[in-house]
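Structural overview for review
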Amino acid sequence: MDEPTDDAFGWSTRAPVQLLLLFFVILAGVVLFPPVMIFGPLGFAFVFAALVFGAVRWQRWSERLFGTGLPIPGWFVAAILSSLGLFALLAYTERYTTEATPFVFLVAFCLPWVVSLTAGGRLRRLANTRVRLSLWLAIVLSALVLTAGFVFGWSVPTPYEMAVFAGFVVIAFIVVVVFPLTIVQMRGREESDHTLDDDDAPLVSVLVPAYNESNYVGDCLDSILASDYPTDRLEVIVIDDGSTDGTYAEASAYRNDRVSVFHRSNGGKHAALNFGLSCSRGDVVVAVDADSILAPSALRTAVAQLQSDPRLGAVAGTVVVDNADGIVGSVQALEYVLGINTLRRAFSYLGTVMVIPGCLGVFRREALSEVGGYDPDTVTEDFDLTVRLLKAGWRVELSEALVYTEAPFSLTDLLNQRLRWTRGNIQTLLKHRDVFSDPAYGFLHRFAFPLSALSILFVPFASIVVTTMILVAILNGAFLGVALVAAYFLFVLLFVAAMALDLSDGDWRLLAYAPLHLVGYRQFLDVVVIRTALMLLRGTNNQWESVTRERQQSSEALAGSQRPSDD
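In what follows, the accompanying structure is described. (Residues numbered from 1 in each chain as written. Predicted model: local features only at pLDDT ≥ 70, side-chain atom pairs only at ≥ 80, totals over all residues. Heavy atoms only, no water.)

1. Section: the overall build of the protein
Secondary structure summary: the protein contains 21 helices and ten strands in total. Here the protein, with 567 residues, has 50% of them falling under the buried criterion. As displayed, the protein offers around 26600 Å² of accessible surface, 63% of which is attributable to carbon and sulfur atoms. (Helix = DSSP H or I, 4+ residues; strand = E, 2+ residues; numbered from the N terminus. Buried < 20%, exposed > 50% of the residue type's maximum accessible area, 1.4 Å probe, protein only. Areas by Shrake-Rupley, 256 points an atom, 1.4 Å probe, with all protein chains shown as cover.)

Structure below.
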């Protein structure tokens, strides 16, 4: 397994030039779109970036300004929602006119009072109840509305125009906010000197929960035991959570004074991790999936970073897809480079990495104890735990510690994995919905949590609308125009993907799969969200699900071929 190279760490010196070139690529869109469609979203992104970087630079001032909420009566909130609904209804029925605007506001502001006075009781109390609206949220939403009004000339846009506007907002956000945050984070990593002397190394407990991980758990343990972390400061605890294959026997072969192996009835991953936590002794707790492989320096790198800052509650490993073969594996490998690891670097600068991956998460025991370990409330216990750590005031950052994992290699297994992820993500957003309205949660409230919600919920449904509009435009004979617009956005995506690959020192052959993130894979993820929403409406359970593993399938096929025939 390859370690990070100096070339990858030098990305922050090359990135400003790359970013400037990307700006020129985006500005070339004036050939296809009105200039205001490009400059409007860029202006909004610059305002947002100024707010974020200003909040980091003048943190005390920012907390005073944005750390409180505006007291808003319930009837006013209902009036705003009613007005938006009426505007949408008029636009949908193509009956909206400028003269109708005063009438819409009049009806919207009177309707909540009429309903509350007529119904009385609880509705009347809700109308008079004051809710605290985040000043940060109000400023950002106001800036976005003003930008949209400026771009569309304060007229109702068509769905296609809204789709293009949303696309430019996403691009502007990546270029003006995400990449600059990533550059600053990388420069901080280069300038920091997180070293760990053997004499100062804390006791580390590595927890390996396993459920039907035969042919994998052994390789995982080999990588942990081959770590350059001091052996006398390392304990490994394997928790076989009711596996029905040879996982327990395979792990038991490694049992010694440093490796403990436990077998328990199946209770789910969260229960297995909590059991392992209760058996561990280390001041630092590391959670590693049984199908993952650690780089030799991963533990030392991650623990050194955790020890360098007492505000850190946990650090997340950098995940690399180890089986980037074929279309399914390669598309996921590019997704990790482009969407997951790059965004985590931006969040890391703010100390708000949203998900500590199950592949490799390194925790301060004090932080885990404070939040009560893993909860059974969601099927994405890693996302839920990370949010609870952030809400408790701990920082969570990304580490350069590399961990290699096997991604699903078939569409069926990928579908099952993403259904579970999406279901758990929605459960976590609903569980911690108070973050949206509580300014006390800092950057989690202002930046990380809303962006996660947008990417999980809004983007898929917006993508469905965009796809529908594109199909309608093609059927109406606008194929050439659609092709030119698609080619433009594809070229921008390729440039962004190239920057992300340069950052991660990734395989440049993955660029060939970038078009699938616009057409094909994007729509696959949209279907996952729709199907997940339907599953949640019907009700579901939180059982530990397992996908088919490539090596397990190969060994089963080999065993089947070696069985004697019945003839």
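2. Some remarks on the packing of helix α14 (residues 326–349) against helix α17 (residues 411–431)
Between α14 and α17, the least distance of the axes is 10 Å, while the angle of their chain directions is 30 degrees. Taken as a pair, α14 and α17 cross one another with a handedness that is left-handed. Residue-level inspection shows V328, Q332, E335 and Y336 of α14 in contact with α17, the latter providing L411, L414, Q417, R418 and W421. A per-class count over the contact of α14 with α17 returns five nonpolar, two polar and two charged. (Axes fitted to C-alpha atoms, helices over the stretch in contact; angles between N-to-C directions. Left-handed = near helix turned anticlockwise from the far one by under 90°. Contact = heavy atoms within 4.5 Å. Nonpolar A, V, L, I, M, F, W, Y, C, P; charged D, E, K, R; others polar.)

3. Overview of the pairing of strand β9 (residues 361–364)
What you see with β9 is no split at all: G361 and F363 on one side and V362 and R364 on the other are buried throughout. With four bridges connecting them, strand β6 (residues 284–287) and β9 associate as antiparallel partners. Residue pairing for β9: V285 is matched across the bridge by F363. Taken together, the three bridges between strand β8 (residues 312–321) and β9 define a ladder with antiparallel strand orientation. Within β9, the position partnered with A316 by the bridge is G361. (Pairing = 2+ DSSP bridges.)

4. Observations concerning the sheet that holds strand β7 (residues 292–294)
On the basis of which strands lie adjacent, the open sheet formed by eight strands has the order β5-β4-β3-β6-β9-β8-β10-β7 and mixed pairing. The sheet is open, and its two edges are formed by β5 (259–264) and β7, each paired on a single side. Ignoring which end each strand starts from, the neighbouring axes of this sheet average 30 degrees apart. Here strand β3 (residues 204–210) runs beside β6; their pairing, made up of four bridges, is parallel. Within β6, the residue paired with S205 across the bridge is V285. Against the sheet, helix α10 (residues 217–225) makes contact with β3, β4 (234–241), β5 and β7, and its axis sits at roughly 15 degrees relative to β7, the strand it touches most.

5. Concerning the environment of E400
Examined against the element boundaries, E400 turns out to sit in strand β10 (residues 395–405). Side-chain polar atoms of E400 contact the side chain of R345, separated by 2.8 Å. (Polar contact = N/O pair within 3.5 Å; in protein donor to acceptor, adjacent residues only side chain to side chain.)

6. Observations concerning the side chain of E406
Tracing the chain through its elements places E406 in the loop between β10 and α17. A distance of 2.6 Å separates polar atoms of two side chains, one belonging to E406 and the other to Y216.

7. Some words on the packing of aromatic side chains
Two descriptors summarise a pair of aromatic rings, namely the distance from one centre to the other and the angle between the planes of the rings. One pass over the structure, following the stated rule, counts 16 aromatic pairs. When the ring of Y488 is compared with that of F489, the centres are 5.4 Å apart and the planes differ by 75 degrees; the resulting orientation is edge-to-face. The pair formed by Y488 and F489 is uniform in burial state, with each residue classed as buried. Grouped by ring-pair contacts, the aromatic residues F33, F168, Y488 and F489 constitute a single cluster. Stacked on the ring of F443, the Lys or Arg R446 has its end atom at 5.5 Å from the ring centre. (Phe/Tyr/Trp six-rings, centres within 6.5 Å; stacked < 30°, edge-to-face > 60°. Lys NZ or Arg CZ within 6 Å of the ring centre and 35° of its normal.)

8. A look at the nonpolar core
By size, the foremost hydrophobic cluster in this structure holds 142 residues, and its most contacted members are V206, L389 and F447. For this core, the element with the most residues is helix α9 (residues 159–191), which contributes 15 residues. Of the residues that make up this core, three or more belong to each of domain 1 (22–114) and domain 2 (156–193 + 309–542). Apart from residues no more than four positions distant in its own chain, L389 is found in contact with A314, I356, F363, A367, L368, V371, W394 and V396. (Core = buried A, V, L, I, M, F, W, Y, C linked by side-chain atoms within 4.5 Å. Domains from an automatic or database assignment.)

9. Describing a nonpolar patch on the surface
Taken together, the side chains of V30, V31, L32, F39, L480 and L484 define a hydrophobic patch exposed on the protein surface, amounting to about 580 Å² of accessible area. Among the secondary structure elements, L480 is positioned in helix α19 (residues 479–504). (Patch = residues over 30% accessible without salt bridge, like charges linked within 9 Å, V, L, I, M, F, W, Y side chains within 5 Å. Salt bridge = Lys/Arg side-chain N within 4 Å of Asp/Glu carboxyl O.)

10. Some remarks on empty space enclosed by the protein
For the structure shown, the criterion picks out one cavity of 30 Å³ or more. By volume, the largest cavity amounts to about 90 Å³. For the largest cavity, the lining is made up of 14 residues, of which L273, A287, P357, G358 and Y374 are closest to its centre. Broken down by secondary-structure element, the contributors of at least two residues to the lining of the largest cavity are α12 (269–279), β9 and α16 (381–391). Class assignment for the residues of the lining of the largest cavity results in eight nonpolar, two polar and four charged. (1 Å grid on protein atoms, 1.4 Å probe; cavity = no way out; pocket = protein on both sides within 12 Å on 5 of 7 lines; lining within 4 Å. Points joined across faces, edges and corners; volume = space filled by probe spheres on them.)

11. Regarding unusual backbone geometry
For N212, which is not glycine, the phi dihedral falls at a positive 55 degrees. Along the chain, the position of N212 falls in the loop between β3 and α10. The exposure class of N212 is buried, given its relative accessible area of 16%.

12. Details of α12
Those residues of α12 that fall on the buried side of the exposure criterion are K269, H270, A271, A272, L273, G276 and L277. Elements that come into contact with the buried residues of α12 comprise β3, β4, β5, β6, α15 (365–371) and α16.

Structural measurements only, silent on function.
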